[in-house]
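# Coordinate inspection notes
Spelled out, the chains give:
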Amino acid sequence: MDFSDLHPSFYPAGVERPGLGCRELIFRNLSKILPAVSHDITDWVIGTRIKASQLLVTLLVHAEDHTTQHMELVLSTLYRSCLDEEEKVVHNGIKAAELIGTFVNPEVFLKLILPALQKSPLASHLIVLAAFIRGSSKEVLKPHLHRIADAISQTEICQGSEKVLYLEQLLCCLQSLI
């Protein structure tokens, strides 16, 4: 028997919620699995990177809000996967970041990503931030909009680079906020 609600209000559209036993199994073993997935996302074999990024998405669907305690490792993994040369790895990295936006409280992910963005503004930080924003519900994110807008509007960030990728991702962040 599954004792939980099959379709909680926060759950992403189009994603079927795994059974309680599967979610509990992943939650208990996530700390053992995530370091290997993080390592494999930077492997030199394209197929390994693709499978690792797919596995990350699956793990996050199963872990739901239990991802919170592993956010530092997940964030560093997402930063690397979102700059990968393989399109499928980038797509899965963005999908994983959107899931984090859905499951993790914005207070937690903003506490980690905004200082990283202010310290060294990179396109990968903006890609992940935009995906977090897209994944979050409007109601949960609303109290944090000014904080995000203030961070993005700082000179070091909004004029952090003239590279096209950086500017496109800055625009994606703004579109996600709007």
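Residues numbered from 1 in each chain as written. Predicted model: local features only at pLDDT ≥ 70, side-chain atom pairs only at ≥ 80, totals over all residues. Heavy atoms only, no water.

What follows covers the overall build of the protein. Helix and strand content of the protein: 10 helices and 0 strands. Across the protein, helices and strands are ordered from the amino to the carboxyl terminus as α-α-α-α-α-α-α-α-α-α. The globule rule puts the C-alpha radius of gyration for 178 residues at 16 Å, and the 16 Å found for the protein is close to it. Structurally, the protein occupies a C-alpha span of about 55 × 40 × 25 Å along its principal axes. Expressed as a percentage of the 178 residues in the protein, the buried residues total 46%. Contacts spanning at least 24 positions in sequence make up 68% of the contacts within the protein whose residues lie at least 6 apart. Total accessible area on the protein is roughly 9,800 Å²; 58% of this is exposed by carbon and sulfur atoms. (Helix = DSSP H or I, 4+ residues; strand = E, 2+ residues; numbered from the N terminus. Rg over C-alpha atoms; globule rule 2.2 N^0.38 Å. Buried < 20%, exposed > 50% of the residue type's maximum accessible area, 1.4 Å probe, protein only. Contact = heavy atoms within 4.5 Å. Areas by Shrake-Rupley, 256 points an atom, 1.4 Å probe, with all protein chains shown as cover.)

Now for helix α3 (residues 71–81). Buried residues of α3: M71, V74, L75, T77, L78, Y79 and S81, and no others. The inward-facing, buried residues of α3 abut α1 (20–40), α2 (46–63), α4 (87–103), α5 (106–119) and α6 (123–135).

Where α5 contacts helix α8 (residues 145–152), the two axes come as close as 11 Å, and the packing angle between them is 10 degrees. Considered as vectors, α5 and α8 are oriented roughly parallel to each other. Of the residues in α8, those touching α5 at E107, L110, K111, L114 and Q118 are R147, I148 and A151. The residue inventory of the contact of α5 with α8, partitioned by class, reads 4 nonpolar, 1 polar and 3 charged. (Axes fitted to C-alpha atoms, helices over the stretch in contact; angles between N-to-C directions. Parallel < 35°, antiparallel > 145°, perpendicular 65-115°, else oblique. Nonpolar A, V, L, I, M, F, W, Y, C, P; charged D, E, K, R; others polar.)

With phi around 50 degrees, E64 is a residue other than glycine that occupies positive phi space. Its location among the elements puts E64 in the loop between α2 and α3.

This part covers the UniProt feature "domain: Dynein axonemal assembly factor 5 HEAT-repeat" (unreviewed entry) in the protein. As annotated by UniProt and renumbered to match this structure, "domain: Dynein axonemal assembly factor 5 HEAT-repeat" (unreviewed entry) occupies residues 10–178. When the span residues 10–178 is considered, its composition is 73% helix and 0% strand, and the gap between its end C-alpha atoms is 20 Å. (UniProt positions renumbered as here; feature names shortened; annotations may be inferred.)

For side chains bearing opposite charge, pairing can occur when the charged atoms are close. Following the criterion strictly, the structure yields 7 salt bridges and no others. As a salt-bridge pair, E64 and R17 come within 2.7 Å of each other at their nearest N and O atoms. Here E64, found in the loop between α2 and α3, pairs with R17, found in the segment before α1; they are 47 residues apart in sequence, far enough to count as distant. Neither residue differs from the other here; E64 and R17 are each classed as buried. Among the ionic pairs, R49 bridges to D84, the shortest N-O distance being 2.8 Å. Taken as a pair, R49 in helix α2 and D84 in the loop between α3 and α4 lie far apart in primary sequence, 35 residues in all. The exposure class of R49 is buried, given its relative accessible area of 6%. Look at the salt bridges and you will find they share partners, linking R17, R23 and E64 into a network. (Salt bridge = Lys/Arg side-chain N within 4 Å of Asp/Glu carboxyl O.)

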